[in-house]
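Chains, contacts and geometry: an overview
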Amino acid sequence: MGILWTIIIGFLAGIVAKFLMPGRDPGGFIITTLLGIAGAFVATYLGAAVGWYRPGEGAGFIGAIVGAIIILAIYRMIVGRRTTV
């Protein structure tokens, strides 16, 4: 159930991250939500490694949004650099 909850939170975090970081994304809405899900997983595992969350406990909504924004920014840098060359 923890993984399903992380996916749901990540989906919502991806939507919020898209609104917080407007602009043209090379992948559109679907890629942004997938990056949000990845951000939730990153926030979950990094938070557990740092000690913010217990093992098996998912990241909170704010942590998932921060993770999604970080991954979205990295994605834009990588894809933006690749398409301009």
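Residues numbered from 1 in each chain as written. Predicted model: local features only at pLDDT ≥ 70, side-chain atom pairs only at ≥ 80, totals over all residues. Heavy atoms only, no water.

Remarks on the overall build of the protein chain
Within the protein chain, the regular secondary structure consists of 3 helices and 0 strands. Scanning the protein chain from its N terminus toward the C terminus, one meets helices and strands in the order α-α-α. For the protein chain, buried positions account for 32% of its 85 residues. Across the protein chain, every contact between residues at least 6 apart in sequence was considered, and the portion connecting residues at least 24 apart equals 69%. Total accessible area on the protein chain is roughly 5,500 Å²; 75% of this is exposed by carbon and sulfur atoms. (Helix = DSSP H or I, 4+ residues; strand = E, 2+ residues; numbered from the N terminus. Buried < 20%, exposed > 50% of the residue type's maximum accessible area, 1.4 Å probe, protein only. Contact = heavy atoms within 4.5 Å. Areas by Shrake-Rupley, 256 points an atom, 1.4 Å probe, with all protein chains shown as cover.)

Considerations on the UniProt feature "transmembrane region" (unreviewed entry) in the protein chain
The feature "transmembrane region" (unreviewed entry), as annotated in UniProt, sits at residues 6-21, 28-53 and 59-79 in this numbering. Helix makes up 88% of residues 28-53 and strand 0%, and the two end C-alpha atoms of the span are 31 Å apart. (UniProt positions renumbered as here; feature names shortened; annotations may be inferred.)

Focus: the packing of aromatic side chains
Enumeration over the complete set of coordinates arrives at 1 aromatic pair. Both rings, one in Phe41 and one in Tyr45, keep their centres 6.5 Å apart while their planes meet at 15°; by these two values the pair is stacked. Of this pair, Phe41 and Tyr45 both sit in helix H2 (residues 28-50), separated by 4 residues, roughly a single helical turn. When its relative accessible area of 56% is taken as the criterion, Tyr45 is described as exposed. (Phe/Tyr/Trp six-rings, centres within 6.5 Å; stacked < 30°, edge-to-face > 60°.)

Description of the confidence of the model for the protein chain
Scored by pLDDT, the protein chain has a mean of 75; 80% of the residues are at 70 or more. Here helix H3 (residues 61-84) stands out as the element of the protein chain with the lowest mean pLDDT, 76, in contrast to H2, whose mean of 79 is the highest. (pLDDT = per-residue confidence, 0-100.)

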